[in-house]
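Read off the chains here:
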Amino acid sequence: MSTKDRIKEFLYKYKYVEKYLTDDIFQTQTMLLASLAMNIAAATFKFVMGVWFGSKWLVTVSIYFLTLSAMRLLLLNRERKSKKLETPEHKRLYDLKSYRACGYMVLFMNMIVGRMIVQMLVDNEGYDYPGLMLYLIGLFAIANFANAIYNVKKYWHIYNPMISAAKRLSFSTALVLLYTLQTSALARFGNNHEQLRRLLNSVSGAIVELVLFTMALLMIIRANQEMRNLKHLDPKG
């Protein structure tokens, strides 16, 4: 027996560990719950600090985390309700509505991210990671972004709308984290090239906005297209 098989055998002794490793829906729900808790904590902390120090930047960031919390709560709540529906077709229609709602919320989040980017460029706001922390956050951001791309590709087809929406949400947060990392790195190492730093941040900020807008739009369009085929199940449309 190989080392990999031994590790699997050991992990599978624990019921919930095995379920997490083998059940995509349970894994997604677990990650949504963990992310929800972290987002609520971050939103609360940023908002309190923003009010305390009179920082519009921190208040904007708190609204961003609050929006992420709302989106994850929406997915968890609607997934729970969809299980009670009678037929797979009705469940599919309900899940597609959740997927579309998530797309609309990504559009709203895109406005908040746009505000954050403007504050970074105009007011010179942003994260300042001290010392070694910048490199640690950098490794995490790059690994997180690579994993997010893999998951979006893996769940590109809407086999399960909740999982697909959750993976796209993770991709959007990974993309924003990568952008904030870039602004922090340029702020530290590009002080002698102010114009170049602003140009790079402006271009990459525009790309982030465009990617998020396109992703949200595709989510809405794809959900609407498939919902038309199931419209006979929903008298309200």
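Preceding this paragraph is the structure being described.
Below, the structure is looked at part by part.

**With respect to the environment of Leu107**
(1) Moving on: With respect to the helices, strands and loops of the structure, Leu107 is situated in helix α5 (residues 88-122).
(2) Moving on: Put simply, Leu107 and Thr214 are 107 residues apart on the chain and 9.1 Å apart in space, counted from C-alpha to C-alpha.
(3) Moving on: In contact with Leu107, not counting residues within four places along its chain, are Phe213, Ala216 and Ile220.

**Notes on the environment of Leu76**
(1) Moving on: Examined against the element boundaries, Leu76 turns out to sit in helix α4 (residues 56-82).
(2) Moving on: Accessibility expressed as a relative area gives 16% for Leu76, which makes it buried.
(3) Moving on: Separated by 43 residues in the primary sequence, Leu76 and Leu33 place their C-alpha atoms 7.9 Å from one another.
(4) Moving on: With residues near it in sequence (within four places) discarded, Leu76 still touches Gln29, Leu32, Leu33 and Leu36.

**Let's talk about the packing of α5 against helix α7 (residues 161-189)**
(1) Moving on: Here α5 crosses α7 at 10 degrees, and the two axes come no closer than 9 Å. By the criterion of interaxial angle, the relationship of α5 to α7 is roughly parallel. Where α5 abuts α7, its residues Arg92, Asp95, Leu96, Tyr99, Cys102, Met109, Val113, Met116, Ile117, Met120 and Leu121 lie against Pro161, Ser164, Ala165, Arg168, Ser172, Val176, Tyr179, Thr180 and Thr183.
(2) Moving on: Looking at the contact of α5 with α7, its residues break down into 13 nonpolar, 4 polar and 3 charged.

**Looking at a nonpolar patch on the surface**
(1) Moving on: A contiguous nonpolar patch, built from Leu132, Met133, Tyr135, Leu136, Leu139 and Phe189 and spanning about 680 Å² of accessible area, is present on the exposed surface.
(2) Moving on: For the nonpolar patch, the leading source of residues is helix α6 (residues 133-154), giving 4 residues.
(3) Moving on: One can find Leu132 in the loop between α5 and α6.
(4) Moving on: On the basis of relative accessibility, which here comes to 62%, the residue Leu132 falls in the exposed class.

**Describing the pattern of salt bridges**
(1) Moving on: This model, assessed by the stated rule, comprises 2 salt bridges.
(2) Moving on: Between Asp95 and Lys91 there is a salt bridge; the shortest N-O distance is 2.9 Å. Placement of the pair is Asp95 and Lys91 together in helix α5, with a separation of 4 residues, close to one helical turn.
(3) Moving on: Look at Lys91 and you get partly exposed, because its relative accessible area is 23%.
(4) Moving on: Residue Glu226 pairs with Arg92 through a salt bridge whose shortest N-O separation is 2.6 Å. On the criterion of sequence distance, the pair formed by Glu226 in helix α8 (residues 194-228) and Arg92 in helix α5 is long-range, its members being 134 residues apart.
(5) Moving on: You can call Glu226 partly exposed: its relative accessible area is 25%.

**Quick word on the nonpolar core**
(1) Moving on: In this structure, Tyr64 and Val113 are the most contacted members of the largest nonpolar core, which totals 47 residues.
(2) Moving on: Here this core takes 12 residues from α5, the largest share from any one element.
(3) Moving on: Here Tyr64 is in contact with Met109, Ile112, Val113, Met116, Thr173 and Val176, once residues within four sequence places are set aside.

Reading the values: the criteria
- Residues numbered from 1 in each chain as written.
- Predicted model: local features only at pLDDT ≥ 70, side-chain atom pairs only at ≥ 80, totals over all residues.
- Heavy atoms only, no water.
- Helix = DSSP H or I, 4+ residues; strand = E, 2+ residues; numbered from the N terminus.
- Contact = heavy atoms within 4.5 Å.
- Buried < 20%, exposed > 50% of the residue type's maximum accessible area, 1.4 Å probe, protein only.
- Axes fitted to C-alpha atoms, helices over the stretch in contact; angles between N-to-C directions.
- Parallel < 35°, antiparallel > 145°, perpendicular 65-115°, else oblique.
- Nonpolar A, V, L, I, M, F, W, Y, C, P; charged D, E, K, R; others polar.
- Patch = residues over 30% accessible without salt bridge, like charges linked within 9 Å, V, L, I, M, F, W, Y side chains within 5 Å.
- Areas by Shrake-Rupley, 256 points an atom, 1.4 Å probe, with all protein chains shown as cover.
- Salt bridge = Lys/Arg side-chain N within 4 Å of Asp/Glu carboxyl O.
- Core = buried A, V, L, I, M, F, W, Y, C linked by side-chain atoms within 4.5 Å.

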